[in-house]
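Understanding the architecture of this molecule
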Amino acid sequence: MAKDIRDLIVVGGGASGMLTGLLSAGKGLSVSILEHGKTLGKKLAVTGNGKCNFTNLYQEKSCYNSGDIEKAYNIINKLGGKGLINLFSSFGIEGTIKKGRNFDRIEAGYVYPAGESAKEFVNILNDELIRLKVKLKTNINILEVKKKGELFEIITGTEGNSYSYFAKKLVIACGGLAGASTGSDGSLFDIIKRLGHSIIKPLPALTSVKTGKHGFGGLRCVAEIKAYIDKKGEQILLGSEVGELQFTEQGIGGIPVMQLSGRIARELDKGNKLYFNIDFCYDKSGAEVENTLKKRRELLSERTADKFLTGFTYEKLSKYIADKFLDNKNNVGNITDSKLNMILKWLKEAKFDIIEVDDFDSAQTTSGGVSMDEVTDSLESKFVPGLFFVGEVLDVDGLCGGYNLTWAFSSAYEVGNGG
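All values derive from a computational prediction rather than experimental measurement. (Residues numbered from 1 in each chain as written. Predicted model: local features only at pLDDT ≥ 70, side-chain atom pairs only at ≥ 80, totals over all residues. Heavy atoms only, no water.)

Topic: the overall build of the chain
The condition is simple: Numbering of helices and strands starts at the N terminus; helices are DSSP runs of H or I of at least 4 residues and strands are runs of E of at least 2. Using a 1.4 Å probe on the protein chains alone, a residue whose accessible area is under 20% of its type maximum counts as buried, one over 50% counts as exposed, and one in between counts as partly exposed. Throughout, a residue-residue contact means that at least one pair of heavy atoms, one from each residue, lies within 4.5 Å. Under the convention used here, a 1.4 Å probe and the Shrake-Rupley method define accessible areas, while residue burial counts only the protein chains that appear. Note that His is not counted, nor are the chain ends; the positive residues are Lys and Arg, and the negative ones are Asp and Glu. Charged side chains are reduced to one point each, which is NZ for Lys, CZ for Arg, CG for Asp and CD for Glu.
When helices and strands are tallied, the chain shows nine helices and 21 strands. Reported as C-alpha extents along the three principal axes, the dimensions of the chain are approximately 90 × 45 × 35 Å. Residues counted as buried form 53% of the 419 residues belonging to the chain. Once local pairs closer than 6 in sequence are excluded, the contacts in the chain between residues at least 24 apart make up 71%. In the form shown here, the chain has an accessible surface area of approximately 18900 Å², with 46% of it arising from carbon and sulfur atoms. Of the charged side chains in the chain, 54 are positive and 52 negative, and the gap between their average positions amounts to 2 Å.

Listed below in structure tokens is the structure:
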């Protein structure tokens with residue numbers, strides 16, 4: 001039948017696939033990795049703006065989204081950030097910890113390789129795989145996966161020219177739909193369904209959000225942003241973040257928006273209407289802002305109204321507010337209390353309707369995937385013995401800050417260490 005039956009075959013040579021193969025081979029198993037692209041670790045090699053933020057010391061359930069957060073977090077918590085630092089140190093990759101900025105939601109500790117090079121990180125893992133004699137096969141097109149008795153048959157190639165690989169155990173680490181250019185194209189989802197599994201609809205996560213034209217293109221500012229669901233007149237808070245917002249001509253990006261985008265995508269897919277409220281003066285109470293505006297009205301009374309907020313807030317906001325609420329030919333001293341209250345409300349609760357999230361080409365990860373209800377605590381299929389899933393292909397996604405790689409590596413550790 002098959003001359004070369006491997007103990008384990010990993011489908012997908014990304015972050016989770018590489019580590020699963022490496023750990024399994026380290027236990028003495030014969031391992032092959034089948035990768036769809038030309039090289040292993042292509043997406044990993046560009047993560048963290050090329051610096052590879054591979055985990056974070058701050059770990060809480062709230063850092064992740066999943067249909068079964070308890071199961072996912074139990075796996076993550078076995079190692080945590082410190083455990084992953086120690087694991088990669090055993091491969092010669094030393095970690096360095098950087099604290100976030102004081103307005104970041106999570107300040108505790110972003111962990112990077114000491115050399116701050118994602119490519120070097122990938123190269124070290126590749127070298128380890130080669131040292132452990134893992135067979136690395138690239139440019140592999142998988143046509144079908146079958147379970148034949150105690151063996152898995154992975155049929156590859158084209159319809160007219162196919163080749164089969166055989167293994168006692170199979171790990172699917174094919175990623176999701178984010179970043180198709182790096183190999184995550186969802187091409188295995190249909191095969192996974194034929195193996196009996198459900199796929200929770202994949203949606204973009206960690207991406208920007210389109211809000212329509214607003215006149216702030218190019219503006220970068222630190223603010224608090226809240227996402228609300230408008231459900232039959234009831235306003236439901238979906239989540240809030242503080243950090244640097246980046247305004248494009250027709251949308252809003254930046255880490256705070258990215259953190260909320262996966263949940264926003266899920267609610268939009270349900271047909272719900274959503275909007276943002278932005279507090280441009282989040283570090284001051286409404287009363288403090290009101291007092292400041294009244295003092296400015298008195299001190300700058302003889303200036304023209306278009307200069308009222310110059311020096312108080314960002315130039316683009318100052319101009320927008322003046323054009324929207326004030327008669328720029330009038331003097332500051334003539335601004336009425338009602339106008340002042342309108343400006344105050346806008347600065348503290350500027351509303352932006354949410355149209356859609358940016359597509360998978362812009363997304364850093366995928367929300368959705370193989371249902372966590374259909375795998376065991378060790379990530380083995382409940383339907384097909386010997387079949388495992390790791391990484392982004394599962395219905396688990398995390399915040400910015402090393403959390404998606406934490407899941408990729410933690411799930412790989414669970415399967416590779418037990419494989």
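Describing the domain arrangement of the chain
In plain terms, the rule: As annotated, the domain borders come from an automatic or database domain assignment. Throughout, buried area stands for the accessible area (probe radius 1.4 Å) lost by two parts on being put together, summed over both. Just to be clear on terms, a salt bridge is a Lys or Arg side-chain nitrogen sitting within 4 Å of an Asp or Glu carboxyl oxygen. Distance and chemistry together define a polar contact, namely a pair of N or O atoms within 3.5 Å, with one atom able to donate a hydrogen and the other to accept it when in protein, and with adjacent residues in sequence counting only for side-chain atoms on both sides.
The domain architecture assigned to the chain consists of domain 1 (5-204 + 361-417) and domain 2 (208-358). Each of domain 1 and domain 2 has a C-alpha centre, and the two are 39 Å apart. When domain 1 packs against domain 2, the two sides together hide about 1300 Å² of surface, and 54% of this comes from carbon and sulfur. Counting the contacts that link domain 1 with domain 2 gives one salt bridge. At the junction of domain 1 with domain 2, the criterion picks out four residue pairs in polar contact (both at pLDDT 80 or more). Mapped onto the side of domain 1 that touches domain 2, the elements with two or more residues apiece are β11 (199-205) and β19 (365-370). The greatest single-element share of the side of domain 1 that touches domain 2, amounting to four residues, is contributed by β11.

Let's talk about the pairing of strand β9 (residues 151-158)
Along any regular strand, the residues point their side chains to alternate faces of the sheet. How we decide: At least two DSSP bridges between two strands are required for those strands to pair.
Buried residues dominate β9, accounting for six of its eight residues. The pairing of strand β8 (residues 142-148) with β9 spans six bridges and is antiparallel. Considered in β9, the bridge of Glu144 is made with Ile155. Following β8, the chain reverses through two residues before pairing antiparallel with β9; Gly149 in that reversal takes a positive phi of roughly 65 degrees. Where β9 and strand β10 (residues 161-172) come together, seven bridges link them in antiparallel fashion. What sits directly across from Glu153, in β10, is Phe166. Remark: two residues form the turn of the hairpin made by β9 and β10, two consecutive strands paired antiparallel.

Quick look at the side chain of Ser367
Counting through the fold element by element, Ser367 comes out in strand β19. When its relative accessible area of 7% is taken as the criterion, Ser367 is described as buried. Within the structure, Ser367 has its side chain in polar contact with the side chain of Arg266 (distance 2.9 Å). Those residues in contact with Ser367 that sit more than four places away from it in its chain are Lys201, Pro202, Leu203, Ala205, Gly262, Arg266 and Asp397.

Things to note about the pattern of salt bridges
Tallied over the full model, the rule gives 22 salt bridges. With its nearest N and O atoms 3.7 Å apart, the salt bridge here joins Asp4 to Arg6. Judged by its relative accessible area of 34%, Asp4 is partly exposed. The class for Arg6 is buried, based on a relative accessible area of 9%. With a shortest N-O distance of 3.4 Å, Lys270 and Glu267 are connected by a salt bridge. Residue Glu267 is classed as buried on the basis of its relative accessible area of 11%. The structure contains a network of salt bridges with shared partners spanning Asp4, Arg6 and Lys135.

Quick word on the sheet that holds strand β3 (residues 55-56)
One open sheet holds the three strands; their spatial order is β3-β6-β5, and the pairing between them is antiparallel. Only two strands of the sheet have a single neighbouring strand rather than two, namely β3 and β5 (95-98). Alignment of β3 against strand β6 (residues 110-113), held across two bridges, turns out to be antiparallel. Directly across from Asn56, in β6, lies its bridge partner Tyr110.

With respect to the UniProt feature "domain: RsdA/BaiN/AoA(So)-like insert" (unreviewed entry) in the chain
Threshold: UniProt positions are given in the numbering used here, feature names are shortened, and annotations may be inferred rather than shown by experiment.
UniProt tags residues 240-364 as "domain: RsdA/BaiN/AoA(So)-like insert" (unreviewed entry). Within residues 240-364, the helical portion is 42% and the strand portion 19%, while the C-alpha atoms at the span's ends are 20 Å from each other.

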